[in-house]
Amino acid sequence: MGVAPRVAVIGAGAAGLAAVKALRDADVPTVGFEAAAQVGGLWVYGAPDSPAYRTLHLNTSRGRTQFADHPMPADWPDYPDHRRVAGYLADYATRFGLGDSIRLRHTVERVTRNPTGTWTVAARGPAGPVEVTVDAVVVANGHNRVPRLPDPAYPGVCTAEQIHSHDYRGPEQLTGRRVLVVGGGNSAMDIAVDASYAATRTLLSLRRGVWVVPKYLLGRPSDTLNGALARRLPWRLRQRISQTMLSTTVGNPARYGLPAPTHGFLQDHPTLSDGLLSRLTHGDVEARPGVAALDGDRVEFTDGRSDSVDLIIWCTGYRVDVPFLDPALLAGGADTVALYRHVFHPDAPGLSFVGLMQSTGSAFPLVEAQAKLIAAQLAGRYALPAPDRQRAACRAELRAATARWGQRRPAMRVDFDVYLAELARELTAGARRARSGAASPAGGPR
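Here the structure is a predicted model, which is why all the values come from computation and not from measurement.

Calculation notes
Residues numbered from 1 in each chain as written. Predicted model: local features only at pLDDT ≥ 70, side-chain atom pairs only at ≥ 80, totals over all residues. Heavy atoms only, no water. Helix = DSSP H or I, 4+ residues; strand = E, 2+ residues; numbered from the N terminus. Contact = heavy atoms within 4.5 Å. Pairing = 2+ DSSP bridges. Axes fitted to C-alpha atoms, helices over the stretch in contact; angles between N-to-C directions. Salt bridge = Lys/Arg side-chain N within 4 Å of Asp/Glu carboxyl O. Buried < 20%, exposed > 50% of the residue type's maximum accessible area, 1.4 Å probe, protein only. Expected span 1.5 Å × (residues − 1).

A.B. asks: How should I be thinking about the side chain of Asp 194 in this particular structure?
C.D. replies: Mapped onto the elements of the fold, Asp 194 is located in helix 4 (residues 186-198). The contact partners of Asp 194, leaving out residues within four places of it in the chain, are Thr 55, Tyr 168, Pro 171 and Leu 174.

If you want it as structure tokens, here you go:
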């Protein structure tokens, strides 16, 4: 690589690629580590640890998903499939020459903070162990790799086959079977729709209600409508407008036999599906409430009904796992760690994260903005506030997030449009701090 790297980026999915590009653009020598044999992360169908399935498409529209530095082709559909998205990320890496900085098939096993303030990254690659010592580490390893199953497990013994959505690859796994899909997220909706065409019977169990949003409203991709409102209105007012629009055009989820949401729209990650509501109204998907117990091949639900099934697909999300970091740096868990602007660790100078968040919209533009913030900081063009101010900002943000999202991972929640604007303001404010010499000792190497 010529010049010794100053920064290590862990992961080469969308977040890691955005980080490597931003750092290279800022002339910060960088090395990236990616466990897979190619870049693209979760979008690479069939790659180890990828949750992609054959019918997977974007659930955010092309125009609201693309990187600002690398627009998606204008002739693509509004909601491209996983093959297009994986190819898009590979093209991004090729166009900007990122491959020269990324070591593929290198699994990071340990990241250690040294007494000197540097960091040592230990990885294992095709030629054996590798170690590099750098000024800063950017964690961009994603959080959809480690399946989370119901904990505690439901009572009873189940004789039906059980898999997590992480192991679902396509409708051929469902053909001729009585399938129960458990969950209310985008994967659950996609898999239930797939099952409605392939299985002999499809049940969808939701423990709590979700707002199901069609991918098009008023002839436009639905996320573009909320985006237009977000630039002008606070989220509470957007919530009322959006719920009125959904009630008028689609109706309350309870109308389709689904549990009524107890939270307002924009107070959880949106669930988008064009097919689910139609399949429910045709009886090809049957709604059920939460699971109460398991009994052989029968599943008992909280309303007293029970059904025989051959296959249960748990669409119950993922654990956020950063196994190579000292747990002391992630007190309470990676999904609760307080990060300044969801990026910088206030108590570990030189440690930052890209993509450790759950957005109301696409992640791509957000990780691109996060990466540019980190690159500016490491290039000396942006300065963090003092550590006590960072911590105070984290506490205030967590209070606001908890008030909006409750206890569903509030430390990770961001409103797409609001957060994107916040990162732009933060970059400007940090540039002023840098020019005035108000850099924080917790800002990492300069």
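That covers the picture; the talk isn't over yet.
A.B. asks: How should I be thinking about the pairing of strand 17 (residues 291-295) in this particular structure?
C.D. replies: Regular strands place side chains that alternate from one sheet face to the opposite one. As paired strands, strand 17 and strand 18 (residues 298-301) are joined by four bridges and run antiparallel to one another. Counterpart to Leu 294 in the pairing with strand 18 is Val 299. Between strand 17 and strand 18, which follow one another and run antiparallel, lie two residues, and Gly 296 among them has a positive phi close to 65°.

A.B. asks: Looking at this model, I keep getting lost on the sheet that holds strand 16 (residues 286-288). Mind explaining?
C.D. replies: Sheet strands pair by backbone hydrogen bonding; their relative direction is either parallel or antiparallel. Overall, parallel pairing links the five strands, which are arranged 9-20-10-11-16 in an open sheet. Edge positions in the sheet fall to strand 9 (161-164) and strand 16, since each of these pairs with one other strand and no more. Along the sheet, successive strands turn relative to each other by an average axial angle of 20°, direction set aside. Pairing between strand 10 (residues 178-182) and strand 20 (residues 311-314): four bridges, direction parallel. Bridge pairing in strand 20 links Leu 180 to Ile 312. Most of the contacts of helix 4 go to strand 11 (residues 201-205), to which it runs at about 160°, and overall it touches strand 10, strand 11 and strand 20.

A.B. asks: Before we go on, may I ask you to explain the sheet that holds strand 3 (residues 102-104) in this structure?
C.D. replies: Strand order across the open sheet formed by five strands is 3-2-1-7-22, with parallel pairing between neighbours. Since the sheet does not close on itself, it has two edges, and those belong to strand 3 and strand 22 (351-353), each with one partner. For this sheet the average axis-to-axis angle between neighbouring strands, irrespective of direction, equals 20°. By the bridge criterion, four bridges tie strand 1 (residues 7-10) to strand 2 (residues 30-34) in an arrangement that is parallel. In the strand pairing of strand 2, Ile 10 is matched with Phe 33. Where helix 1 (residues 14-25) meets the sheet, its contacts fall on strand 1, strand 2, strand 3 and strand 7 (136-139), and the angle it forms with strand 1 comes to roughly 160°.

A.B. asks: Before we go on, may I ask you to explain the pattern of salt bridges in this structure?
C.D. replies: Between side chains of opposite charge, pairing is possible as soon as their charged atoms come close. With the rule as written, the count across this model stands at 25 salt bridges. Salt-bridge contacts for Asp 78 lead to Arg 62; the nearest nitrogen and oxygen are separated by 3.8 Å. One end of the pair, Asp 78, is in the loop between helix 2 (62-65) and helix 3 (82-95); the other, Arg 62, is in helix 2, with 16 residues separating them in the sequence. Under the relative-accessibility criterion, Asp 78 is labelled partly exposed at 25%. For Arg 62, a relative accessible area of 15% corresponds to the buried category.

A.B. asks: When you look at helix 10 (residues 416-436) in this model, what are you seeing that I'm missing?
C.D. replies: Every α-helix carries 3.6 residues per turn, so stepping three or four residues along brings you back to the same face. With 21 residues, helix 10 should reach 30 Å at 1.5 Å per residue; the first-to-last C-alpha distance of 30 Å fits that figure. The positive-phi residue at the C-terminal boundary of helix 10 is Gly 437, with phi of around 80°.

A.B. asks: How should I be thinking about the environment of Gly 361 in this particular structure?
C.D. replies: Take Gly 361: it is sitting in the loop between strand 23 (358-359) and helix 8 (364-378). Taking C-alpha positions, Gly 361 is 28 Å from Pro 385, a pair spaced 24 residues apart along the chain. Once you skip the residues sitting within four places of it in the chain, Gly 361 turns out to touch Thr 60 and Phe 416.

Take it as geometry only, folks, not as evidence of what the structure does.
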